[in-house]
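Examination of the molecular architecture
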Amino acid sequence: MRCTTLSTLLMAAAAIAAAQPSEPARPPVIDVHVHTFGGIPGVGPMCPFNPQFLAADPSIKADQIGWAKQDCTDLLEPSKTPEEYMKAVLAEYERLNVTAVVMGDQKSVQKWKDAAPGRIIPGTSFDTGIGGGKYLPVEELRTAFTKGGFKVMGEVGLQYQGLSPSDPSVDAYFALAEELDIPVGIHMGTGGSGRANITMPKFRGSMGNPLLLEDLLARHPKLRVWIMHAGYPMIDQLLTLLQANAYLYVDVAGLIWSYPLKEVHNYIQRIVEAGFEDRVMFGTDQLVWPKLMAASISVIEGATYLSPQQKRDILYNNAARFLRLDKVDKK
Ligand SMILES: [Zn+2]
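Residues numbered from 1 in each chain as written. Predicted model: local features only at pLDDT ≥ 70, side-chain atom pairs only at ≥ 80, totals over all residues.

**Digging into the overall build of the chain**
When you go through the chain residue by residue, the secondary structure sums to 11 helices and eight strands. By the burial criterion, 41% of the 331 residues in the chain qualify as buried. Residue pairs at least 24 apart in sequence account for 76% of intrachain contacts in the chain once pairs closer than 6 positions are excluded. (Helix = DSSP H or I, 4+ residues; strand = E, 2+ residues; numbered from the N terminus. Buried ≥ 20, exposed ≤ 12 C-beta atoms within 10 Å, placed from the backbone. Contact = placed C-beta atoms within 7 Å.)

Here it is in C-alpha cells:
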C-alpha cells in the first residue's frame, strides 16, 4: 500500500517536472558582429569598459592593442586557439540563446556554420576586415554569395587602409552587394584607437566619418548598409546620415565594451533619443574572449534609459528586420 502511494507520488512529481522546464528559455539575441579569430598574438586577458589607451613615448615599446590587463572583478580570459574559441563561444550561444553573424575568411566561417548550423549567419568580405589590403576578385565573392551560402558582406575594413568607403576603387564590390541584395557591414569609427602610429600605419580616424558613406549610398540607392561601431565617436555625423538615409542601421559592437560604461551609455542613449531606436543592432565584435557576449548583453539589459521593448528591439528585433531573418536560409 505504502509502496503504491510512493510510486503514485513519484509519477505525479515526474509529470509536474516534465510539464515545467527547469529553466525558462531565454529570449533570443542576435549578435551581428562576430569574428572567427581566437588566439590573437599579443591579445591577453581584458577588463571590459576600462580602456587603457594610455600615453606612450616613441622611445619605449608600447602595448600594441590598448586592452591591457588591469585590476577588475570581471576580467575576461582569452581562448588560446581558434578551435578552443569557437567551442567556447558556441557553448555561450546555446546558453544565452544567441544567433550570430560570424565573419571571416570563407573557410573559417564554414567551420562555424558546420558546427552550429542553426546559430550562424555566415559573412565574408573582399578584405580581411582589418585591412590586409589584398582584395578578393569580385567574381570569387559572387560565388560565395550565390553558391557558397554566405548571407552578409563584412566586415569591410577600408578604414584600416586609410580608404573611404566611397572610393571608386572598391565600388564593384558594393555594386555586387546591391545586385544580390546582400547586407553590408562597414567598419567606421573606433578601432586601432591610439595605435595607428604603432601597429596600423595606414589607419585614419578621419576615414571613419559616417558622412563618407554618402557618395556610396547615392551611387547604390538600394544597398543595405550597417555602420559598424556606430561610427563612434562621431555622433553628429552619424545622426545626420541616419536621418538622410532610411535604409541605414548601426551596430554597437566594440564600442559596447571598450570604453568606460558611462561613455557607452551616453552614445547609445543619444542615438535612441534622437529617434533612431529601431536602427540600433546589438553586436560584440567578439575576437578572443568567450565571456564577452554575456558582459555585452548585460550593458543593454542594464540600460536605465531603454524601455523593455527597446531592449528587445536592440537585442533582437532590429537585426531580425534588417537581415530579413525570416527569409534567411537556416540550413
Ligand atoms: Zn570593426
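**Comments concerning the nonpolar core**
Judged by nonpolar contacts, the single largest core of 83 residues is most densely connected at Val184, Ile227, Ala230, Val250, Leu255, Met281 and Phe282. If near-sequence neighbours (up to four positions away) are discounted, isoleucine 227 is found in contact with Ile186, Met188, Pro210, Leu238, Leu248 and Val250. (Core = buried A, V, L, I, M, F, W, Y, C linked by C-beta atoms within 7 Å.)

**Details of the pairing of strand β6 (residues 225-228)**
Both faces of β6 are covered, namely the face carrying Val225 and Ile227 and the face carrying Trp226 and Met228. Looking at chain direction, strand β5 (residues 184-187) and β6 are connected through four bridges and run parallel. Looking at β6, one finds that glycine 185 is bridged to tryptophan 226. Bridge analysis of β6 against strand β7 (residues 249-251) gives two bridges, and the strand direction is parallel. By the bridge assignment for β7, tryptophan 226 is matched with tyrosine 249. With respect to chirality, the unit in which β6 leads through helix α7 (residues 235-244) into the neighbouring parallel β7 is right-handed. (Pairing = 2+ DSSP bridges. Right-handed = clockwise from strand over helix to strand, strands pointing away.)

**Points about the pairing of strand β1 (residues 29-35)**
Burial of β1 is extensive: seven of the seven residues sit out of reach of the surface. Alignment of β1 against strand β2 (residues 98-103), held across five bridges, turns out to be parallel. Among the inter-strand pairings, valine 34 is bridged to a residue of β2, identified as valine 102.

**Here we look at the sheet that holds β1**
Ordered in space as β1-β2-β3-β4-β5-β6-β7-β8, the eight strands form an open sheet in which the pairing is parallel. Of all the strands in the sheet, just β1 and β8 (280-281) have a single pairing partner and so form its edges. Where β2 lies against strand β3 (residues 120-124), four bridges are found, and the strand directions are parallel. Bridge pairing in β3 links valine 101 to isoleucine 121.

**Quick look at the packing of helix α2 (residues 82-96) against helix α3 (residues 106-115)**
Orientation of α2 relative to α3, taken along the N-to-C sense of each, is 40°, at an axis distance of 11 Å. Considering their axes alone, α2 and α3 lie oblique with respect to each other. Crossing of α2 over α3 shows right-handed handedness. Residues Pro82, Met86 and Leu90 of α2 pack against Ser108, Lys111, Trp112 and Ala115 of α3. Looking at the contact of α2 with α3 residue by residue, the classes come out as five nonpolar, one polar and one charged. (Axes fitted to C-alpha atoms, helices over the stretch in contact; angles between N-to-C directions. Parallel < 35°, antiparallel > 145°, perpendicular 65-115°, else oblique. Left-handed = near helix turned anticlockwise from the far one by under 90°. Nonpolar A, V, L, I, M, F, W, Y, C, P; charged D, E, K, R; others polar.)

**Description of helix α10 (residues 292-301)**
Buried residues of α10: Leu292, Met293, Ser296, Ile297 and Ile300, and no others. Along the axis of α10, the buried positions cluster into a sector of 125°, meaning they face one direction only. Against β1, α2, β2, α8 (255-258) and α11 (308-322) lie the buried residues of α10. (Arc of directions from axis to C-beta.)

**Here's the deal with unusual backbone geometry**
The peptide bond linking glycine 154 to glutamate 155 adopts the cis configuration, its omega dihedral lying at -5°. Here the bond from tyrosine 232 into proline 233 is cis, since omega is 5°, no more than 30 degrees from zero. Mapped onto the elements, proline 233 comes out in the loop between β6 and α7. The backbone of aspartate 181 shows a phi angle near 60°, a positive value even though the residue is not glycine. Residue classification places aspartate 181 among the exposed positions, given that 12 C-beta atoms sit within 10 Å.

**Overview of the environment of glutamate 84**
Position of glutamate 84 relative to the elements: it lies in helix α2. Once the C-alpha coordinates of glutamate 84 and glycine 38 are considered, the two residues, 46 residues apart in sequence, prove to be 7.7 Å apart. Not counting residues up to four positions away in its chain, the partners in contact with glutamate 84 are Gly38 and Ser79.

**Quick word on the confidence of the model for the chain**
Looking at the chain as a whole, its pLDDT mean stands at 88, while 85% of the residues score no less than 70. In this model, residues 1-6 is a region of pLDDT below 50 whose contacts with residues beyond four sequence positions or in other chains number zero contacts. (pLDDT = per-residue confidence, 0-100.)

**Observations regarding helix α9 (residues 261-276)**
Listed in full, the buried residues belonging to α9 are Val264, Tyr267, Ile268, Ile271 and Val272. The arc that holds every buried residue of α9, seen down its axis, measures 125°, which confines them to one face. With respect to the buried face of α9, the exposed residues turned more than 90 degrees away are Lys262 and Glu273. Looking at the buried side of α9, the elements it contacts are α7, β7, α8, β8, α10 and α11.

**Here we look at the environment of alanine 91**
Among the structural elements, alanine 91 can be located in helix α2. Measuring from C-alpha to C-alpha, the distance between alanine 91 and alanine 116 comes to 9.8 Å, with 25 residues separating the pair along the chain.

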